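The primary structure of each chain is shown beneath.
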Amino acid sequence: MEGQVWFLPRSLQLSNFQAYKLRVTHLYQLKQHSILVSVGEDEEGINPLVKVWNLEKRDGGNPLCTRIFPAIPGNKPTVVSCLTVHENLNFMAIGFADGSVVLTKGDITRDRHSKTQILHEGSYPVTGLAFRQSGKTTHLFVATTENILCYTLSAKDCPELELDTRGCGLRCSTLSDPSQDLQFVVAGDECVYLYQPDGRGPCFAFEGQKLIARWYRGYLVIVSKDRKMSPKSEFAGGDPQNSDKQILNIYDLGNKFIAYSSVFEDVVDVLAEWGCLYVLTRDGKLHALQEKDTQTKLEMLFKKNLFEMAINLARSHHLDSDGLSEIFRQYGDHLYNKGNHDGAIQQYIRTIGKLEPSYVIRKFLDAQRIHNLTAYLQMLHVQSLANADHTTLLLNCYTKLKDISKLEEFIKVQTSERKVHFDVETAIRVLRQAGCYSHAVYLAEKHMHHEWYLKIQLEDIKNYQEALRYIGKLPFEQAESNMKRYGKILMHHVPNETTELLKVLCTDYKPVGDREGPGALEARKANPEEFIPIFANNSRELKAFLEHMSEVQPDSPQGVYDTLLELRLQNWAHEQDPQVKEKLHKEAISLLKSGRFKSVFDKALVLCQMHSFKDGILYLYEQGKLFQQIMHYHMQNEQYRKVVEVCELYGDQEACLWEQALGYFAHKEEDCKEYVAAVLKHIETKNLMPPLLVVQTLAHNSTATLSVIKDYLVSKLQKQSRQIEQDEQRIQKYREETKRIRKEIEELRTSPKIFQKTKCSICTSALELPSVHFLCGHSFHQHCFESYSESGSECPTCLPENRKVMDMIHAQEQKQDLHDQFQHQLKCSTDSFSVVADYFGRGVFNKLTLITDLPPGKSVTALDAGLQRELLIHTKRST
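Residue positions within a chain follow its written sequence, with the count starting from 1. A pLDDT threshold of at least 70 governs which residues receive local features in this predicted model, and a stricter bar of 80 or more applies before side-chain atom pairs are shown or counted, although totals over entire chains, interfaces and linings include all residues. The basis for every side-chain value is the complete set of non-hydrogen atoms in the structure, without hydrogens or water.

Novice: Describe the overall build of the chain, naming the residues involved and giving the relevant values.
Specialist: Helix and strand content of the chain: 30 helices and 27 strands. A simple rule labels every residue: compare its accessible area, found with a 1.4 Å probe on the protein chains alone, to the largest value its type can have, and call it buried under 20%, exposed over 50%, or partly exposed in between. With 879 residues in all, the chain has 41% of them scored as buried. Two residues qualify as a contact provided that any one of their heavy atoms is within 4.5 Å of a heavy atom in the partner residue. Contacts spanning at least 24 positions in sequence make up 43% of the contacts within the chain whose residues lie at least 6 apart. Of the roughly 50200 Å² of accessible surface on the chain, 50% is carried by carbon and sulfur atoms. Secondary structure elements are taken from DSSP: a helix is a run of H or I of four residues or more, a strand is a run of E of two residues or more, and numbering for both begins at the N terminus. Accessible areas in this description were obtained via Shrake-Rupley with a 1.4 Å probe; residue shielding takes into account the shown protein chains only.

Dropping the structure here:
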């Protein structure tokens, strides 16, 4: 009242500054800015001034006043009744006692950037103002003593809407927080009304004359007069005879309960700061009201068994799910102890996901409460929080009650949804144990538990045809694995159908539903070799299967052909009918000749030997080039003619056959002259054995006389005599050649060489000086020699022949280290001595150096030694 503004910090140390000369009537402190707006008077009369203070800046120790302007609507002086400022500092509204409202737009802290206009003119005093910001839309609520108005400031011309024809007194309106959707709260004498920008909302019947209305943290604070009996309070003071008390009520509108109620005397104002409510009374006392923490509130409600209210309170305070679950549990325990099992189970259901299910299940295991337990377990499955034990327990409840309809409802309703809320495998197991095979099969088929479906069909229902049909609909991988698992059982009971499915599975398998249409899957095929064990006791079906695979799929695995061969040989060995046996014989031979047994030659041979299949054995011997085994086979059976035929057929590929045949006949005491003669004739033709070895071999046969080998020996001796004569003639020729060459060498060493050619050996023209002569007897014009000679020291005419000889010498030197080639030729040649002699001639055991020119500084003696070495080389080559 003296123009001062006082500051009261938390330390309660008062400070002040002089804001006006006379008095201060209104203050508004912005929450998000250090800006204080005040209305007061500096001179007598009705001349209110608005001042805007920046509390962060100082002017001579006082806050800086950034703006001063008169608060007068038009030219009529009137008293300011209320004041409000928008938090964005762009709007300020001033209400007057004459019913006018002045709106300042723009920056309220500066004169230049703001504009003032009269927003409202009426005949009723303005008692309350409040800004409401929703997105980009700004509303201004105006309360008078007789009506409630709303202006849309963000729209053009600020349209007005009358919300109600009831008004309120000063300080009896406020704006709620977002928990109540920023509604404008108006406290009338009979009710408290809540308004939205477009109309009136809910109302609450609170009796008493309202003096003050405030909003604090979701609570509505009302100070009202009540001449009735009021509750006593520790804050109630003053004269006990004064019955005109003021009641402070704090309402929780969301949860619909009174959070606090007390009696005060002459309340000046209710303030909210530092997390507390402060009540200032006329006697100069400041009372602090502190809100209890959430847990204390809940405990108070628990003691009074007000669980529903506790739940609502917890939700409004955004208590986490764990805290809510604990309230539900206590509420459930309370109802359970009262015997309200249906209500209790509903509360326990709300704890699912937080409370251990076994806590609830143990309470309802009694047979009389099985329906409650079923409801709980069903909800546990709906929320996908049930484990295998819960599924087992739920299904056992159904089966023990023999409530098949509920069981079917649970299974079919749950499985009809996209998401399954129970462990299907556990359910199938429980239903199977209870004998509910049809339900178990339904679940298995619905959820594609193929193994369970087939296990129940084959082991319990024994419906083999249906199981086989089901496998035919499965994807390739599942069809393949289940045929491997259950193939033997199916083959035993439905062999033909099983065989047909295996044929499809191993060639071009497609599930039954996907074998036609444009979206058909690509055909796949299994390995037929892996299904052979299924036919253990079904050789007829196995043969049909293997023959089908060999015809339709020629590139089948080797095991298919091995098994088919073994099967055909077994049938051939045990068949008594000659015609059928001949047919089986042809089938086995054709299979062997198909070329499928090259990589498993030994295996096929063993199979033929096990079943004494003669033609197959001989064919495989021939394919494997085992000619000695073929001959030994005939030898064991004493088939002399066959032995000779084998030698004639394969003797060129393996020459030792003839030697072995001769040895075989030599050890026979029977008369085998015909076969011995035939063998000797071929040995002589091919020169396979020395005569002495032939004689020694036949000496073991007591029936063989000299007449048997007479012709052979005579022919052999005559041939060797002719060879000796040819060798002697060749020796004589080489000796004469050697003698001639030695003579030439001697003449070159001791006699002068006379060059008497008259023509050039190149151009055949008369020889003229200068000329070039060589010891070989060729002469050349010097210019011809220089034109055609490649080397200045070699005769151009003799050069090609000399070079050919030198190349042969070098080639022999390079080949003299080829030991592997030497060994191979020695082994394969019919005349080993000639091979050895040839390599001697190449100089295998001599490392020689050829000297063709006389190097500078060499003496004649060195030249003589070189000529002797050259003579030696030439002589060795000739011999």
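Picking up where we left off.
Novice: Can you explain the pattern of salt bridges? Please cite residues and give values.
Specialist: Close approach of charged atoms allows side chains of opposite charge to pair. A side-chain nitrogen of Lys or Arg and a carboxyl oxygen of Asp or Glu constitute a salt bridge if their distance falls within 4 Å. According to the stated counting rule, one finds 22 salt bridges in the structure shown. Across the salt bridge formed by Arg-214 and Asp-269, the nearest N and O atoms sit 3.0 Å from each other. Residue Arg-214 is found in strand 19 (residues 209-216), and its partner Asp-269 is found in strand 23 (residues 267-273); the two are separated by 55 residues along the sequence. Residue Glu-530 pairs with Lys-484 through a salt bridge whose shortest N-O separation is 2.5 Å. Of the two residues, Glu-530 is situated in the loop between helix 14 (495-505) and helix 15 (539-552) and Lys-484 in helix 13 (residues 476-493); the sequence distance between them amounts to 46 residues. Where salt bridges share partners, they join Asp-164, Arg-166 and Arg-200 into one cluster.

Novice: Can you explain the packing of helix 9 (residues 424-433) against helix 11 (residues 450-461)? Please cite residues and give values.
Specialist: The contact between helix 9 and helix 11 brings their axes to 11 Å, and the two run at 10°. Between helix 9 and helix 11, the angle falls in the class roughly parallel. Along the contact surface, helix 9 presents Glu-425, Ile-428, Arg-429 and Arg-432, while helix 11 presents Trp-452, Lys-455, Ile-456, Glu-459 and Asp-460. Each residue gets one of three labels, nonpolar for Ala, Val, Leu, Ile, Met, Phe, Trp, Tyr, Cys and Pro, charged for Asp, Glu, Lys and Arg, and polar for the others, Gly among them. Each residue belonging to the contact of helix 9 with helix 11 can be placed in one class, and the counts come to three nonpolar, no polar and six charged. Lines fitted to C-alpha atoms define the axes here, with helix axes fitted over just the stretch in contact, and angles between the N-to-C directions of these axes take values from 0 to 180 degrees. Oblique is the label for every angle not falling under 35 degrees (roughly parallel), over 145 degrees (roughly antiparallel), or within 65 to 115 degrees (roughly perpendicular).

Novice: Please give an account of unusual backbone geometry that cites residues and values.
Specialist: With a phi angle near 60°, Asp-181 is a residue other than glycine that sits in the positive phi range. Mapped onto the elements of the fold, Asp-181 is located in the loop between strand 15 (173-175) and strand 16 (184-187). Backbone geometry at Leu-182 places phi at a positive 50°, although glycine is not the residue there. Along the chain, Leu-182 turns up in the loop between strand 15 and strand 16.

Novice: Any chance you could break down the sheet that holds strand 10 (residues 114-120) for me, citing the residues and the numbers?
Specialist: In a beta sheet, neighbouring strands are held together by backbone hydrogen bonds and run either parallel or antiparallel to one another. A pair of strands is considered paired only if DSSP assigns at least 2 bridges between the two. With antiparallel pairing, four strands are arranged side by side in an open sheet as 7-8-9-10. Strands with a single pairing partner mark the edges of an open sheet, and in this sheet they are strand 7 (80-85) and strand 10. Strand-to-strand twist in this sheet, taken as the mean axis angle between neighbours without regard to direction, amounts to 20°. In terms of strand pairing, strand 8 (residues 91-96) meets strand 9 (residues 101-106) through five bridges, oriented antiparallel. Paired with Ile-94 across the two strands is Val-102, which belongs to strand 9.

Novice: Please give an account of the environment of Cys-776 that cites residues and values.
Specialist: Locating Cys-776 in the fold gives a position in the loop between strand 26 (771-773) and strand 27 (779-781). Apart from residues no more than four positions distant in its own chain, Cys-776 is found in contact with Cys-795 and Cys-798.

Novice: Talk me through the pairing of strand 12 (residues 137-144); I want residue IDs and the actual numbers.
Specialist: By the criterion of burial, strand 12 is predominantly enclosed, with seven of the eight residues buried. What sits between strand 11 (residues 126-134) and strand 12 in their antiparallel hairpin is a turn of two residues, with Gly-135 showing a positive phi close to 65°. Pairing of strand 12 with strand 13 (residues 148-152) involves five bridges; the strand directions are antiparallel. Each bridged residue has a counterpart across the sheet, and for Val-142 the counterpart in strand 13 is Leu-149. Joining the antiparallel neighbours strand 12 and strand 13 is a turn of three residues.

Novice: Break down a nonpolar patch on the surface for me, with residues and values.
Specialist: Patches here: salt-bridge-free residues with over 30% relative accessible area, like charges joined within 9 Å, nonpolar side chains (Val, Leu, Ile, Met, Phe, Trp, Tyr) joined within 5 Å. A cluster of nonpolar side chains, contributed by Trp-6, Leu-8, Leu-12, Leu-14 and Leu-286, occupies part of the molecular surface with about 520 Å² of accessible area. The topology assignment puts Leu-12 in the loop between strand 1 (4-7) and strand 2 (15-18). Overall, the relative accessible area of 54% leaves Leu-12 in the exposed class.

Novice: With reference to specific residues and values, describe the sheet that holds strand 23.
Specialist: Spatially, 23-24-25 is the arrangement adopted by the three strands of the open sheet, whose pairing is antiparallel. Because the sheet does not close on itself, it has two edges, and the strands there are strand 23 and strand 25 (286-290). Taken over all neighbouring pairs, the strand axes of this sheet differ in orientation by 20° on average, direction set aside. In terms of strand pairing, strand 23 meets strand 24 (residues 276-281) through six bridges, oriented antiparallel. Bridge pairing links Ala-272 to Leu-277 in strand 24.

Novice: Any chance you could break down the confidence of the model for the chain for me, citing the residues and the numbers?
Specialist: Put simply, the chain has an average pLDDT of 78, and 77% of its residues get 70 or more. Contacts for the low-pLDDT stretch residues 515-520, under 50 throughout, to residues beyond four places or in other chains number seven contacts. Taken together, the stretch residues 871-879 has pLDDT below 50 and engages in 13 contacts with residues farther than four places along the chain or on a different chain. Confidence of the predictor in every single residue is expressed as pLDDT, which spans 0 to 100.

Novice: Requested: an account of the packing of helix 2 (residues 307-316) against helix 3 (residues 321-337), with residues and values cited.
Specialist: Interaxial distance between helix 2 and helix 3 falls to 10 Å at its minimum, and their mutual angle equals 175°. Here helix 3 runs roughly antiparallel to helix 2, going by the angle between their axes. From helix 2, Phe-307, Glu-308, Ala-310, Ile-311, Ala-314 and Arg-315 reach across to helix 3, where they touch Leu-324, Ile-327, Phe-328, Gln-330, Tyr-331 and His-334.

Novice: Tell me about the side chain of Asp-164, and name the residues and values.
Specialist: Among the secondary structure elements, Asp-164 is positioned in strand 14 (residues 160-164). Side-chain atoms alone can form a polar contact between residues adjacent in sequence; in general such a contact is a pair of N or O atoms within 3.5 Å, and within protein one must be able to donate a hydrogen while the other accepts it. A polar atom in the side chain of Asp-164 sits 3.3 Å from the side chain of Arg-200. Setting aside anything within four residues of it in sequence, one finds Asp-164 in contact with Asn-147, Ile-148, Tyr-195 and Arg-200.

Novice: Residues and numbers for the packing of aromatic side chains, please.
Specialist: Any two of the Phe, Tyr and Trp rings considered here, Trp counted by its six-membered ring, make a pair once their centres fall within 6.5 Å; the pair's planes then place it as stacked at under 30 degrees, edge-to-face at over 60, or tilted in between. In this structure the tally under the stated criterion is 14 aromatic pairs. On the numbers, 6.4 Å between centres and 40° between planes, the contact of Tyr-193 with Tyr-195 is tilted. Each of the two residues, Tyr-193 as well as Tyr-195, counts as buried. On the basis of an interplanar angle of 20° and a centroid distance of 5.2 Å, the ring pair of Phe-535 and Phe-545 is categorised as stacked. Placement of the pair is Phe-535 in the loop between helix 14 and helix 15 and Phe-545 in helix 15, with a sequence separation of 10 residues. Given a relative accessible area of 0%, Phe-545 falls into the buried group. Here the aromatic residues Tyr-336, Tyr-348, Tyr-359 and Phe-364 are joined through ring pairs into a cluster of three or more. Geometrically, a charge over a ring is one whose NZ (Lys) or CZ (Arg) sits within 6 Å of the ring centre while staying within 35 degrees of the ring normal. Over the ring of Trp-452 we find Lys-455; its NZ or CZ atom is 4.9 Å from the centre of that ring.

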